[in-house]
Amino acid sequence: RKAFHVSWDQFHRDARALAWRLSASGPFYGMVAVTRGGLVPAAIVARELNLRLIDTFCVTSYVDENVRGQVKVLKGVSPDIGRDEGSGVLVVDDLADTGATVKIVRALLPKAHIATVYAKPLGGPLVDTYITEVSQDTWIYFPWDLGLSFQAPISETGRV
Ligand code: 5GP
């Protein structure tokens, strides 16, 4: 399995690129951050698009070698965000891998616009907008991933 290390700089650039692309898809009156992965990109995109109404959709996904794509919903969205099937709502997550999370969001908010910064080939077609595709056998390491802050600095390109 390939490793793709993303630095804070790289992630900030990619999240701003996502916001720039999304500015042509709005207008959006509110945002849903899929936690926890969507929290950091949601903050960046919300600043760029000047969105202030931000809700969370809280899920846990069991991602390991044995169990893939099992998603449990811990908290749904508020009635305000959920009205009219999510029309005018932007949903942000860090990545789409198997697409299991995106499918759940789509079922809940069929008219929402779903955006991720990264996408693997299985998940990409299920997302409305993403910036960078990585291969299915790649594991993306985000700068906020546990433990990485104790490791050696990552090169400016963010790639190892
Ligand atoms: P899904 O399979 O539902 O598209 O992705 C489920 C979740 O698994 C993602 O939101 C993310 O939390 C985690 N995940 C899947 N692939 C990766 C990866 O390459 N790197 C990291 N850090 N998390 C991943």
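Here, every reference points to the structure presented above.
This write-up is about the structure you can find in this document.

Definitions and limits used
Residues numbered from 1 in each chain as written. Predicted model: local features only at pLDDT ≥ 70, side-chain atom pairs only at ≥ 80, totals over all residues. Heavy atoms only, no water. Near = heavy atom within 4 Å. Polar contact = N/O pair within 3.5 Å; in protein donor to acceptor, adjacent residues only side chain to side chain. Areas by Shrake-Rupley, 256 points an atom, 1.4 Å probe, with all protein chains shown as cover. Helix = DSSP H or I, 4+ residues; strand = E, 2+ residues; numbered from the N terminus. Phe/Tyr/Trp six-rings, centres within 6.5 Å; stacked < 30°, edge-to-face > 60°. Buried < 20%, exposed > 50% of the residue type's maximum accessible area, 1.4 Å probe, protein only. Salt bridge = Lys/Arg side-chain N within 4 Å of Asp/Glu carboxyl O.

### Section: the site of the ligand
Contacts to the ligand come from 17 residues, most closely from Asp97, Thr98, Gly99, Thr101 and Ile140. At 2.7 Å, a backbone N or O of Asp97 approaches an oxygen atom of the ligand. The separation between an oxygen atom of the ligand and a polar side-chain atom of Lys120 is 2.9 Å. Protein burial of the ligand: of its 500 Å² of free accessible surface, 89% is covered by the chains. When contributions to the shell around the ligand are tallied by element, the ones reaching two or more residues are strand S5 (89-96), helix H4 (100-108) and strand S8 (138-141). A per-element tally of the shell around the ligand places S5 first, with four residues.

### Some details on the packing of aromatic side chains
In total, this model carries seven aromatic pairs according to the counting rule given. Plain terms: the ring middles of Trp8 and Trp144 are 5.8 Å apart, the flat faces sit at 50° to each other, and that makes the pair tilted. Of the two residues, Trp8 is situated in helix H1 (residues 8-22) and Trp144 in the segment after S8; the sequence distance between them amounts to 136 residues. Here Trp8 falls in the partly exposed class, since its relative accessible area comes to 48%. Classification of Trp144 as partly exposed rests on a relative accessible area of 27%. Ring centres of Phe11 and Phe142 lie 5.8 Å apart, and the angle between their planes is 90°; this geometry places the pair in the edge-to-face category. Of this pair, Phe11 sits in helix H1 while Phe142 is found in the segment after S8, placing the two residues 131 residues apart along the sequence. Here the two residues Phe11 and Phe142 agree in accessibility, since each one is buried.

### Structural notes on the environment of Ala43
You can see Ala43 is positioned in helix H2 (residues 39-49). For Ala43, a relative accessible area of 43% translates into the label partly exposed. Spatially, the C-alpha atoms of Ala43 and Pro125 are 24 Å apart, while their sequence positions differ by 82 residues.

### Let's talk about the pattern of salt bridges
Here the structure, examined in full by the defined rule, presents seven salt bridges. The closest approach of N and O atoms between Lys75 and Asp55, which form a salt bridge, is 3.4 Å. With Lys75 in strand S4 (residues 70-75) and Asp55 in strand S3 (residues 54-62), this residue pair connects regions lying 20 residues apart in the sequence. Among the residues examined, Lys75 registers a relative accessible area of 32% and is labelled partly exposed. For the salt bridge of Asp97 with Lys120, the shortest nitrogen-to-oxygen distance reads 3.1 Å. In this pair, Asp97 sits in the loop between S5 and H4 while Lys120 sits in the loop between strand S6 (113-119) and strand S7 (129-133), placing the two residues 23 residues apart along the sequence.

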